[in-house]
Structure formats: structure tokens, C-alpha cells
Amino acid sequence: MTAHPLFDIGGRTALVTGSSRGIGLALARGLAEAGCRVILNGRDGDRLAKAAAGLPGEVHTAVFDVTDGPSVTAGIAEAEERVGPLDILVNNAGMQLRAPLLEFADADWHRILDTNLTTAFLVGREAARRMTERGHGKIVNICSLQSEVVRPGIAPYAATKGALKMLTKGMCADWGPYGVQVNGLGPGYIETELTRPLVEDEEFSTWVRGRTPAGRWGRTEDLVGGLLFLASPAADFVGGQILYVDGGMTSVL
Ligand code: NDP
């Protein structure tokens, strides 16, 4: 049986920010397996080259820091010139800093805001300037179950992801009229480097498994299907939505 043509994204060009490892790399792999020309991004050229070597199909790398406006402008322009016009952008780069809010340092607040929220604005705006001119494009912002709910010690992270949800809706409002669909993907608890301290904490891991209807931690591959849907013509009339891929966690108490 063949896939429905609505899900065909073969030949599209896709940029995934923060894709040297973890969720970004798994999403890039999914896009590559679906026949996209994929551009990996991160700050470390060697790490990116190693990641690219492990993916199928036509894979490129673009080394730039997505928190830096001028680097983003130059990086997107260079990537489009070298690889081709972007059809799909995945704003994935992100970080976590865990600390009680009373002890959270000013510099850390600005760093997490810059990395998790400002990057989506900077890269999204630059890509959308080009996509709106061409009249089509798909942008997927990687939100989180913490766009909706929070736990002690991660208030700044949840603030960035809650704001990213609203930025997603705002991008939809501004760019939807020009044929660009913007949506979010909200992962639940997924095993990656970012969550390693939590995975290794047996008490926390037991809590995650018990609290998740699916009864387990998520795997990076669990997120691929949702992304391929949001990046495909099947989602041409879907805008400003956050698709939570969390084993059901945000739906239950
Ligand atoms: P990782 O820490 O494993 O990977 C983060 C990636 O982002 C790396 O490739 C890193 O590459 C890159 N990166 C970080 N800062 C920058 C920057 N300034 N410029 C360019 N690249 C950057 O994180 P995850 O894979 O776990 O998370 C990915 C996204 O998913 C994040 O937005 C996170 O908030 C979100 N998420 C994760 C969940 C989880 O359970 N893991 C749950 C919900 C959401 P390098 O250091 O080489 O630059």
C-alpha cells in the first residue's frame, strides 16, 4: 500500500534548528526519510557533520547561533543560496535550566528566553520573509507539554514554552494570509540529553511512567509522525494549533 499523496513531501527543502542531536536530529531524520532535502543546524560544525553523515538522502549543514540576529539573517540567506528555497522550517533549538525560581539568576533568565523563544522569532521572521513572498511554507515550532502545565523548578522554561505557543498563533495570524501555515508540536517527556538528569532519577522516572497513560517515557521517533503531518499538504488548512505528542499526559490528572 502506498502513502496518501496528501502526505507526500518528497523534494521539499527543510531546515531544522538545533539538529545535531536529540529531538532535532530525529525530526531531521524523519524529514530525510520522507524524501526532503534537509539542512541541519547547530553551533558545532564537527558535531553537525557527524550527524549529517548518519542521515539518508541529500543532507546539508548550516552552522550558526540561532540566538544571534545577524548570524540568523546571514545563515538563512546562505542556506537558501546553497541548497534552495526553504519549504519547511522547524524551530527546535532549545535548552533547560532547572532551579528554584527564588534562586534563578538574571543572566539565566535572559539566556533561556533567548534560546527558547527569541530564536523562533528571529529564524521564523527571516524564513517567513522569504516564504510569504513565494506564497507558501510550513513552520513548526517545537513547544512542550510545559506550554500548558508546569512543575516546581522550571518556571522560566514553562514561561518560554507558553510564550512560544502564543507566538505560534501570532505567526499564524500574520503569515497565514500569505500561504504560510504555522503550527506547534508539543513533546511530552522524551528521553534526550536535555532530560538525562530526570531519566536517571528513578523516583522521577517512575512518576513519569505512572503519570503518562502510555506508561513510558517518549522516544524521539515518537514525534516524527506529527511533524510529517504538520509539514505536509494534509495540514494546509491547519493553523496556529499545538499538537501534543505526550502519551496522553496533558489530558489526565
Ligand atoms: P538537546 O539538548 O538534546 O538538543 C538541543 C539542540 O539544540 C542541540 O542540537 C544543540 O546543538 C542545539 N542548540 C542549542 N542552542 C543552540 C543555538 N543557540 N544555536 C543553534 N543550535 C543550538 O535538546 P532536546 O532534543 O531534548 O530538545 C529539543 C527541543 O525540544 C527543545 O526546544 C526542547 O525545549 C524541546 N522539548 C524537549 C523535551 C524533552 O523531553 N526532551 C520535551 C518538550 C520539549 P549545539 O549545542 O551543537 O549548538
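What you are looking at is a predicted structure, and each value in this text was computed from that prediction instead of being measured.

Re the nonpolar core
Inference 1: Residues Leu31, Leu40, Ile88 and Val90 are the most contacted members of the largest nonpolar core, which totals 27 residues.
Inference 2: Those elements giving two or more residues to this core turn out to be β1 (13–16), α1 (22–33), β2 (37–42), α2 (45–53), β4 (88–91), β5 (137–142) and α8 (224–230).
Inference 3: Per-element tally for this core: the top contributor is α1, with six residues.
Inference 4: The contact partners of Leu40, leaving out residues within four places of it in the chain, are Val16, Ser19, Ala28, Leu48, Ala51, Ala52, Leu55, Val59, His60, Thr61 and Ala62.

As for the site of the ligand
Inference 1: For the ligand, the set of nearby residues contains 31 residues, the closest of which are Ser20, Ile23, Asn92, Tyr157 and Thr192.
Inference 2: At 2.9 Å from a nitrogen atom of the ligand is found a side-chain nitrogen or oxygen belonging to Asp65.
Inference 3: For the ligand, a nitrogen atom lies 3.1 Å from a polar atom in the backbone of Val66.
Inference 4: With the chains in place, 95% of the 900 Å² that the ligand exposes on its own is no longer accessible.
Inference 5: Cavity membership is defined here by more than half of the atoms lying within 2 Å of grid points; on that basis the ligand lies in the largest pocket.
Inference 6: Secondary-structure elements contributing two or more residues to the shell around the ligand are α1, β2 and α5 (155–175).
Inference 7: Of the residues contributing to the shell around the ligand, the split by class is 11 nonpolar, 13 polar and seven charged.

Rules used in this analysis
- Residues numbered from 1 in each chain as written.
- Predicted model: local features only at pLDDT ≥ 70, side-chain atom pairs only at ≥ 80, totals over all residues.
- Heavy atoms only, no water.
- Core = buried A, V, L, I, M, F, W, Y, C linked by side-chain atoms within 4.5 Å.
- Buried < 20%, exposed > 50% of the residue type's maximum accessible area, 1.4 Å probe, protein only.
- Helix = DSSP H or I, 4+ residues; strand = E, 2+ residues; numbered from the N terminus.
- Contact = heavy atoms within 4.5 Å.
- Near = heavy atom within 4 Å.
- Polar contact = N/O pair within 3.5 Å; in protein donor to acceptor, adjacent residues only side chain to side chain.
- Areas by Shrake-Rupley, 256 points an atom, 1.4 Å probe, with all protein chains shown as cover.
- 1 Å grid on protein atoms, 1.4 Å probe; cavity = no way out; pocket = protein on both sides within 12 Å on 5 of 7 lines; lining within 4 Å.
- Sits in = over half its atoms within 2 Å of the grid points.
- Nonpolar A, V, L, I, M, F, W, Y, C, P; charged D, E, K, R; others polar.

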